[in-house]
Amino acid sequence: LKEEGTEIQNLKSKASALDVADPLGHFRDRFVVDDLIYLDGNSLGRLPKATAERIREVVEQQWGERVICSWGEGWLDLPQRIGDKIGRLIGAKEGETIAADSTSVNFYKLVHAALSATDGRVVVTNSSNFPSDLYLLQGLGIEIRQIDSESDEAIAAALDDRTALLTLSHVEFKSGLRHDMKRLTDAAHAVGAKVLWDLSHSVGAVPIDIGEADLAVGCTYKYLNGGPGATAFLYVRKDLQEALRSPIQGWFGQQNAFEFGLNYSPAGGIGRFLAGTPPILSLAATEPGIDLLLEAGMDKVGEKAALQTAFLMEVADSLSLEVITPRNPQRRGSHVAIRHEAAWPIAQALIAEKSVVPDFRTPDVLRLGIAPLYTRYADLAEAMKRIAEVIETRVYHAYSSEIGGVT
Ligand SMILES: Cc1ncc(COP(=O)(O)O)c(C=O)c1O
């Protein structure tokens, strides 16, 4: 891909024509952006302009002027209100989703709740699942059947009548493979097991129909652009809520918390999965990003994710790079994973010398994340050109292959 070659010119003209025709193109102006080619929105999303304004309002007016009165003027309802908005992104009904805690804590609460409500003890998952989820399972003293496959067929085959719970990342964090949610939910139900989906890499990236799934968790700092460490969410299907109990019996999950009764009795509905006081600043900061996705519509966001990932794959193929993300757009999320033995030094060279921020996942995966609301085709074309330069000129040889830091 040489600058003077027709190939790069063709790619650039194709990209700019696609940007002009892009129905979501104008959303980019609603984010704080600069010349950096940021392909890491799958890890930490960019800052929506409205969020800075919202934080100022919450700090200066709600906290600064109204102080404790603000709890009764909107803060107390915030976990439910924002939860319901996230629910609309995943096809849930009102009262099934709540914003709370971190993804890890929510995962622990829901696995514990699911297992306490059944005799089965075996949890089925796969070894490409996000490590935090695996660690949390390991800490629960349960039997884990961890299969070394991302194939829906192999996962379905690992379920049997001893299975209490199937849990997977809907979109795999390394490969970007998207599981068939309905198929695996049905397969779990067919053996009498529940299913818990980790939506961290799919919510806000692709349309989700949570359907009959029992449980889900996810984070808001990736495609929802909620900010670093922003409050996560959990989903529990309506008809299961009364039967399930959070193992973290904090006062925010208590019925009539402000009666200060001495014995725990869980709140009705999804509110029982709260634990302690919600972090209002972080929670409020998630709303503008979620609103932008609702305004754009997840169908359109998903269509653009499919087109942009295909665009990236086509260029990666022309450079003979090894793409490990599925080719079927229904079976992938919104990032493209490239396997390269020098992925880590290449990522460092891109950041240090080329103003391109990809991310890296050990041992050899370069991830290129697309956030359809602010990623342009022109960014993708330019990023691939710079990746080609880094590889062809071997400048990455100057960078350490010792892995370290946040990637
Ligand atoms: C798929 C998945 N699950 C769980 C987590 C853990 O989230 P947290 O650190 O917010 O608890 C992450 C973090 O990136 C993730 O990507």
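Only a predicted model underlies this, so the values are computations on that prediction, with no experimental measurement involved. (Residues numbered from 1 in each chain as written. Predicted model: local features only at pLDDT ≥ 70, side-chain atom pairs only at ≥ 80, totals over all residues. Heavy atoms only, no water.)

**Quick look at the overall build of the protein chain**
Part 1: Across its full length, the protein chain carries 11 helices and 13 strands.
Part 2: For 407 residues, the compact-globule formula gives about 22 Å, and the C-alpha radius of gyration of the protein chain, at 22 Å, lands near that figure.
Part 3: Sorting the 407 residues of the protein chain into buried and exposed places 54% on the buried side.
Part 4: Expressed as a percentage of contacts within the protein chain between residues at least 6 apart in sequence, the contacts between residues at least 24 apart total 68%.
Part 5: When the accessible surface of the protein chain is summed, it comes to about 17100 Å², and 52% of that surface belongs to carbon and sulfur atoms.
Part 6: Of the charged side chains in the protein chain, 41 are positive and 55 negative, and the gap between their average positions amounts to 1 Å. (Helix = DSSP H or I, 4+ residues; strand = E, 2+ residues; numbered from the N terminus. Rg over C-alpha atoms; globule rule 2.2 N^0.38 Å. Buried < 20%, exposed > 50% of the residue type's maximum accessible area, 1.4 Å probe, protein only. Contact = heavy atoms within 4.5 Å. Areas by Shrake-Rupley, 256 points an atom, 1.4 Å probe, with all protein chains shown as cover. Lys, Arg positive; Asp, Glu negative; His and termini not counted. Charge placed at Lys NZ, Arg CZ, Asp CG, Glu CD.)

**Overview of the site of the ligand**
Part 1: The environment of the ligand is formed by Ser102, Thr103, Ser104, Phe130, Asp133, Ser169, Asp198, Ser200, His201, Tyr221 and Lys222.
Part 2: Here an oxygen atom of the ligand sits 3.5 Å away from a polar atom, N or O, in the main chain of Thr103.
Part 3: Contacts to the ligand include Asp198, whose side-chain N or O atom sits 2.6 Å from a nitrogen atom.
Part 4: Look at the ligand: alone it shows 400 Å² of surface, and the protein chains cover 83% of it.
Part 5: Considering only residue class, the shell around the ligand consists of two nonpolar, six polar and three charged. (Near = heavy atom within 4 Å. Polar contact = N/O pair within 3.5 Å; in protein donor to acceptor, adjacent residues only side chain to side chain. Nonpolar A, V, L, I, M, F, W, Y, C, P; charged D, E, K, R; others polar.)

**Overview of the sheet that holds strand 9 (residues 322–323)**
Part 1: Strand order in this open sheet of four strands is 9-10-13-12, and the pairing throughout is antiparallel. The open sheet is flanked by strand 9 and strand 12 (359–361), the only strands paired with a single partner.
Part 2: Running over the sheet, helix 10 (residues 343–354) touches strand 12 and strand 13 (365–369) and is turned about 40° from strand 13. (Pairing = 2+ DSSP bridges. Axes fitted to C-alpha atoms, helices over the stretch in contact; angles between N-to-C directions.)

**Notes on the packing of helix 2 (residues 49–63) against helix 8 (residues 280–296)**
Two quantities define a packed helix pair, namely the angle between the axes and the distance from one axis to the other.
Part 1: In the contact formed by helix 2 and helix 8, the axes pass within 8 Å of each other and the chain directions differ by 140°. As helix 2 packs across helix 8, the resulting crossing turns out to be right-handed. Judged by residue contacts, Ala50, Thr51, Arg54, Ile55, Val58, Val59 and Trp63 of helix 2 engage Ile280, Leu281, Ala284, Ala285, Glu287 and Pro288 from helix 8.
Part 2: Within the contact of helix 2 with helix 8, the residues separate by chemical class into 10 nonpolar, one polar and two charged. (Left-handed = near helix turned anticlockwise from the far one by under 90°.)

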